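Tertiary structure, described
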Amino acid sequence: VTITTRLLVSHLSGIRHYEKDIAKVKEEKEKASRAFKLTKPCQDKEQKDKEGKGIERTDSVKLRKEHEGEAKSRNSKPGRRDKEFEQEEYYLKEKFESVIESLKIFKNDPLFFKPGDQFLYSTYGFTLLSAVVERVSGQKFTDYMLKMFRDLDMLSTVLDDNEAMIYNRARCYVYNKKGRLVNAPYVDNSYKWAGGGFLSSVGDLLKFGNALLYSYQAGQFKNTNGKLLPGYLKPDTVAMMWNPVPKTEVSWDRDGKYAMAWAVVEKKQQCGCCRQQRHYASHTGGAVGASSVLLILPEELDSEVIDTGLAAPPRGVVVSIICNMQSVSLNSTALKIAREFDREKRAQ
């Protein structure tokens, strides 16, 4: 088979995640699919009611579909562990000297499906991607990334190295089986630097989000008298990264599709006076004892803003949340915050 970097970055490679048993993976996906189908008739009825009355219902109803992907973990009781965190490989303590060395964890395992046929979120797919970066760049993946973070002025973003002294490093927590708060167990993330091995701050993640938003919009502003600096990435590159890929799905927002290392919800409104779907890109993070989200809601630019040259990118809202607690759903909270700031800005 052929596995391309595009397949890796969109989780279509067929490489396994932490679960080694394909039968269990299929069972979980079928359960999730059935649960979604059971809630759909209720959504359809709500949609018809809204269309008939010509008004929107309360925010709690309007946002229910967006919350479906997060409902299970949000409503779970303390102490009830996310099934993903029951996988032994989440708690590896072995230290790997390079990403090439860490490939031995999964390199001899069979693919779950033919590359490109299905979507399966895979941290190990990103481990392989980091090995590609290492070979192409001729540098250690970690050195390559830390230089990029310096370029982006993300000076608080570092490797999650247990031995290093890291200023302001937070302690991480989990609930045990009795529902009590305990310290997160010791793990070594050197086997998955690309998929969950960096520590950062809210401020650094906001810089990262603004750099992407600036790059995305830089090509749209024409009349800046040559004063507009180029983005860190080309506008077409970010647009490609935020372009939904067929056959993908997103667990934290059923309206979204996976793109290239980002979940993307496209702008959409099917009927007048009914629910509007704004374009945004986001990604959540889950690790042993920690949860996070970075969400980017680009401003819907009109021709006057673009052509007059009175405004410059980035234009929109970037929301970052980091929580030193395991299995906390944060995407819907970030989206609510982004919408409030966006609504306030439009009202001015």
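Predicted, not measured: the structure shown is a model, and the values here were computed from it. Per chain, residue numbering runs from 1 following the sequence as it is written. Reporting in this predicted model follows two pLDDT cut-offs: at least 70 for local features of residues, and 80 or more for side-chain atom pairs to be given and counted; totals over whole chains, interfaces and linings ignore these cut-offs and use all residues. Hydrogens and water are ignored here; the side-chain numbers use all heavy atoms of the structure.

Some thoughts on unusual backbone geometry
Backbone torsion omega between P313 and P314 reads 0 degrees, so that peptide bond is classified as cis. Helix and strand assignments come from DSSP, with helices taken as H or I runs of at least 4 residues and strands as E runs of at least 2, each series counted from the N terminus. Position of P314 among the secondary structure elements: in the loop between α11 (303–308) and β9 (316–323). With a phi angle near 65 degrees, N168 is a residue other than glycine that sits in the positive phi range. Mapped onto the secondary structure, N168 falls in the loop between β1 (158–159) and β2 (173–175). Per-residue accessibility, obtained with a 1.4 Å probe over protein chains only, is compared with the maximum for each type, and a residue is labelled buried under 20%, exposed over 50%, and partly exposed between these values. A relative accessible area of 65% means that N168 is categorised as exposed. In this structure, A261 takes a positive phi of about 65 degrees despite not being glycine. With respect to the helices and strands, A261 occurs in the loop between β5 (257–258) and β6 (263–265). Accessibility expressed as a relative area gives 26% for A261, which makes it partly exposed.

Some thoughts on the nonpolar core
In summary, soluble globular proteins display a tendency toward joint burial of nonpolar side chains. In these notes, a set of buried Ala, Val, Leu, Ile, Met, Phe, Trp, Tyr and Cys residues joined through side-chain atoms within 4.5 Å is what counts as a nonpolar core. Y124, L212, W242, W262, V288 and I296 are the most contacted members of the largest nonpolar core, which totals 44 residues. If you list the elements that add at least two residues to this core, you get α1 (5–9), α6 (123–137), α7 (141–151), α9 (202–218), α10 (235–241) and β8 (290–298). Per-element accounting of this core gives the leading share, five residues, to α9. Boundaries between domains were set according to an automatic or database domain assignment. The residues that make up this core include at least three from each of domain 1 (1–33 + 79–177 + 185–199) and domain 2 (214–347). For W262, the residues in contact, after removing those within four places along its chain, are F208, L212, M241, W242, K257, A281, S282, H283, L294 and I296. Counting residues in hydrophobic clusters, the runner-up holds 12 residues, among them Y280, L295, V317 and A334. We call two residues in contact whenever any of their non-hydrogen atoms come within 4.5 Å of each other.

Some points on the side chain of S122
Here S122 is to be found in the loop between α5 (99–102) and α6. Looking at S122, the relative accessible area reads 1%, which means it is buried. Here G125 takes part through its backbone nitrogen, which lies 2.9 Å from a polar atom of the side chain of S122. We call two N or O atoms a polar contact when they sit within 3.5 Å, provided that within protein one can donate a hydrogen and the other can accept it, with sequence-adjacent residues counted only if both atoms are side-chain atoms.

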